[in-house]
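What follows is the residue order along each chain.
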2 protein chains.
Amino acid sequence: MAGAVNTVHGTTHLGGGVTAIEQTEARPRGTRLPRRARRHQLLGAAQEVFVAQGYHAAAMDDIAERAGVSKPVLYQHFPGKLDLYLALLDQHCEALLQAVRTALASTTDNKLRVTATMDAYFAYVEAEGGAFRLVFESDLTNEPAVRERVDRVSLQCAEAISEVIAEDTGLPSEQSMLLAVALGGVSQVVARYWLSSESDIPRDTAVQLVTSLAWRGIAGFPLHGADGQGPEAD
Amino acid sequence: MAGAVNTVHGTTHLGGGVTAIEQTEARPRGTRLPRRARRHQLLGAAQEVFVAQGYHAAAMDDIAERAGVSKPVLYQHFPGKLDLYLALLDQHCEALLQAVRTALASTTDNKLRVTATMDAYFAYVEAEGGAFRLVFESDLTNEPAVRERVDRVSLQCAEAISEVIAEDTGLPSEQSMLLAVALGGVSQVVARYWLSSESDIPRDTAVQLVTSLAWRGIAGFPLHGADGQGPEAD
DNA sequence: ATGGCCGTGGAGGTCAAGATCGGCGTGCAG
DNA sequence: CTGCACGCCGATCTTGACCTCCACGGCCAT
């Protein structure tokens, strides 16, 4: 049976202090919880498993076992595997969008805006549980519901960035959207690379480095109404 | 709705009148091909199905039907589904790496290098069959073999770019790698966005736009030994 | 021309994983 | 004290997809 897709892949760093046998915390089966708390705990367990193994390799048995319950309980809280995944996906898409919008609104200095946005991506990627994998590295993009969510959050982030660009450069919307997609793309890709090659560069240094790259790039466009320090094009 | 083609025993092979050149439709079953041609055709059919449906949703039956053969012949050419996928993946990873290296070596003017590299990504993404999805949007990243290949090609592309950056800026390797990952990331993300939102901007315009963004960004770093037009850092 | 050979084809086995049904234990109203 | 309700669990079913077994028909040496 070569078809076994076992993937005991690196799993990055989780809780850290893991005792020998159990993975993180296997609770004694039999604790009764109110429904809301149980649901919350199930979401947490599902996130851990989905992040560590991906959607397809994650079995409902694994999630149930991780949560310390049995499968029927899982199905009493969520109609199916996809719904569980979508609940988590929505949650973290919303978190990313909020982080980006907050960063953009945190100042009116465009260079600081770039810094803040870049740092938002880094913070998002570094956030506990590695939940960014659900958004940026999903293995269920063929499912229309997932595709729609991922595309939508990317588009909304780009639109938020694009508004600032269009306002400060006067570029037409298609071009500012292209630049916005570029900026968001750099942030996401570099943040993920920085996380994967851990312990190389401190986060602030990486943010500053790529921020200077992006800022020099974006500040050179016409009509940029910042503090007037932008170098003109050739 | 696959039941269309059933027993066609009566059809003598190469009847002459059969036009049999249908790229996207199932061909009449019963044509005998030499092994090398058959393998090539199987790879083409598999690529179409994998690109259109993703790895998991693609069934071996679909690939066989698309190629106009039955499943056993598929398994006589490839040991399993994963091997088939890896063959395609290796092929297109190699193509991307070659394209990037060729673009980097096409000139010594760094601005033209950026343009050429950017255009290489756009051309790669636009290439027929949408094979870039196997590399950039794979839904099998949890499989270690796939993960290894995807990571490796990204790293090799970044290293190729990083060499140029390090040589022309004098930055330490970690920082030049970070910038190289950034440039490769922009190229990839923007090219995919440009492809998905088709008919908005012509390819040359998009390439020029994001090239100017990237060039302004990268040209500002110290010791950049290009034509000496780089604006000084603040 | 004819019999052997080999590649093709349909039909089937196996197994993993999502989804579900009867028992059990606990806490409380009466 | 006892019956009821509720949430939980072990065990099971089914679907679907990857992967092979028995029959058929064209090609080549004699």
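The rules behind each value
Residues numbered from 1 in each chain as written. Chains lettered and ligands numbered in written order. Predicted model: local features only at pLDDT ≥ 70, side-chain atom pairs only at ≥ 80, totals over all residues. Heavy atoms only, no water. Helix = DSSP H or I, 4+ residues; strand = E, 2+ residues; numbered from the N terminus. Buried < 20%, exposed > 50% of the residue type's maximum accessible area, 1.4 Å probe, protein only. Contact = heavy atoms within 4.5 Å. Buried area = accessible area lost by both parts, 1.4 Å probe. Salt bridge = Lys/Arg side-chain N within 4 Å of Asp/Glu carboxyl O. Polar contact = N/O pair within 3.5 Å; in protein donor to acceptor, adjacent residues only side chain to side chain. Near = heavy atom within 4 Å. Nonpolar A, V, L, I, M, F, W, Y, C, P; charged D, E, K, R; others polar. pLDDT = per-residue confidence, 0-100. Axes fitted to C-alpha atoms, helices over the stretch in contact; angles between N-to-C directions. Parallel < 35°, antiparallel > 145°, perpendicular 65-115°, else oblique. Left-handed = near helix turned anticlockwise from the far one by under 90°. Core = buried A, V, L, I, M, F, W, Y, C linked by side-chain atoms within 4.5 Å. Phe/Tyr/Trp six-rings, centres within 6.5 Å; stacked < 30°, edge-to-face > 60°. Lys NZ or Arg CZ within 6 Å of the ring centre and 35° of its normal.

1. Observations concerning the overall build of chain A
Secondary structure assignment for chain A yields nine helices and zero strands. In chain A, the succession of α and β elements from N to C terminus is α-α-α-α-α-α-α-α-α. Going through the 234 residues of chain A one by one, you find that 47% of them count as buried. Residue pairs in contact within chain A that sit at least 24 positions apart in sequence constitute 67% of those at least 6 positions apart.

2. Considerations on the interface of chain A and chain B
Each side of the interface is counted separately: chain A has 43 residues, and chain B has 42 residues. Summed over both partners, the interface of chain A with chain B comes to about 3,800 Å²; 71% of that surface belongs to carbon and sulfur atoms. At the surface where chain A touches chain B, the tally comes to two salt bridges. Summed over the shared surface of chain A and chain B, the number is two residue pairs in polar contact (both at pLDDT 80 or more). Elements with a contribution of two residues or more to the side of chain A that touches chain B: helix H1 (35-57), helix H7 (144-169), helix H8 (173-196) and helix H9 (203-219) of chain A. Counting residues per element, the side of chain A that touches chain B draws most heavily on H8(A), which supplies 13 residues.

3. Things to note about the environment of B:His92
All names here are of chain B. As for its placement among the helices and strands, histidine 92 is situated in helix H4 (residues 81-105). Exposure remark for histidine 92: the relative accessible area of 11% places this residue in the buried category. Here the alpha-carbon distance between histidine 92 and tyrosine 124, two residues 32 residues apart in the chain, equals 9.3 Å. Apart from residues no more than four positions distant in its own chain, histidine 92 is found in contact with Gln47, Tyr124, Ala131, Leu134 and Val135.

4. What about the protein's contact with DNA strand C?
Surrounding DNA strand C, one finds 19 residues, the nearest of these being A:Met60, A:Lys71, A:Tyr75, A:Lys81 and B:Ser70. The sugar-phosphate share of atoms of DNA strand C within 4 Å of the protein amounts to 59%. Here a phosphate oxygen of DNA strand C sits 3.2 Å away from a polar atom, N or O, in the main chain of A:Ala58. Here a phosphate oxygen of DNA strand C sits 2.8 Å away from a polar atom, N or O, in the side chain of A:Tyr75. Put simply, the parts of the chain that give the surface near DNA strand C at least two residues each are helix H2 (60-67) and helix H3 (71-77) of chain A together with helix H3 (71-77) of chain B. Here the surface near DNA strand C is built from residues that sort into eight nonpolar, four polar and seven charged.

5. Some words on the confidence of the model for chain A
Residues and elements named next belong to chain A. Put simply, chain A has an average pLDDT of 85, and 82% of its residues get 70 or more. Counted against residues more than four places away or in other chains, residues 1-27, with its pLDDT under 50, gives 19 contacts. A low-confidence stretch, residues 225-234 stays under pLDDT 50, and its non-local contacts, those more than four residues away or across chains, total 17 contacts.

6. Observations regarding the pattern of salt bridges
Applying the stated rule across the entire model yields 18 salt bridges over all chains. For B:Asp61, the salt bridge goes to B:Lys71, with nearest N and O atoms at 2.8 Å. Taken together, the positions of B:Asp61 in helix H2 (residues 60-67) and B:Lys71 in helix H3 put the pair ten residues apart, joining distant regions of the chain. Judged by its relative accessible area of 40%, B:Asp61 falls in the partly exposed class. The shortest N-O distance in the salt bridge between B:Glu137 and B:Arg133 comes to 2.8 Å. Each of A:Arg133, A:Glu137, A:Arg192 and B:Arg147 takes part in one network of salt bridges that share partners.

7. A few points about the packing of helix H7 (residues 144-169) of chain B against helix H8 (residues 173-196) of chain B
Residues and elements named next belong to chain B. Orientation of H7 relative to H8, taken along the N-to-C sense of each, is 120°, at an axis distance of 8 Å. By the angle between their directions, the pair H7 and H8 is classed as oblique. Seen from above, H7 lies across H8 with right-handed handedness. Contact residues: H7 offers Leu155, Ala158, Glu159, Ile161, Ser162, Ile165 and Ala166, while H8 offers Ser173, Ser176, Met177, Leu179, Ala180, Val181, Leu183 and Gly184. Among the residues making up the contact of H7 with H8, the classes are represented as ten nonpolar, four polar and one charged.

8. Comments concerning the nonpolar core
Grouped together as the largest cluster of nonpolar side chains are 142 residues, with contacts concentrated most on A:Phe50, A:Leu89, A:Phe122, B:Phe50 and B:Phe122. Among the elements that line this core, the one with the most residues is H8(A), at 14 residues. Excluding residues that lie within four positions of it along the chain, B:Phe122 makes contacts with B:Val190, B:Ala191, B:Trp194, B:Arg203, B:Ala206, B:Val207 and B:Val210.

9. Some remarks on the packing of aromatic side chains
All told, the structure shown has ten aromatic pairs over all chains when counted by the stated rule. Taken together, a centroid distance of 5.6 Å and an interplanar angle of 15° make the contact between A:Phe50 and A:Tyr55 stacked. Of the two residues examined, A:Phe50 and A:Tyr55, each falls in the buried class. An aromatic cluster is present here, built from A:Phe50, A:Tyr55 and A:Tyr85 joined pairwise through their rings. Over the face of the ring belonging to B:Tyr55 we find B:Lys81, whose NZ or CZ atom lies 4.4 Å from the ring centre. It is B:Arg216 that lies over the ring of A:Phe221; its NZ or CZ is 5.0 Å from the centre.

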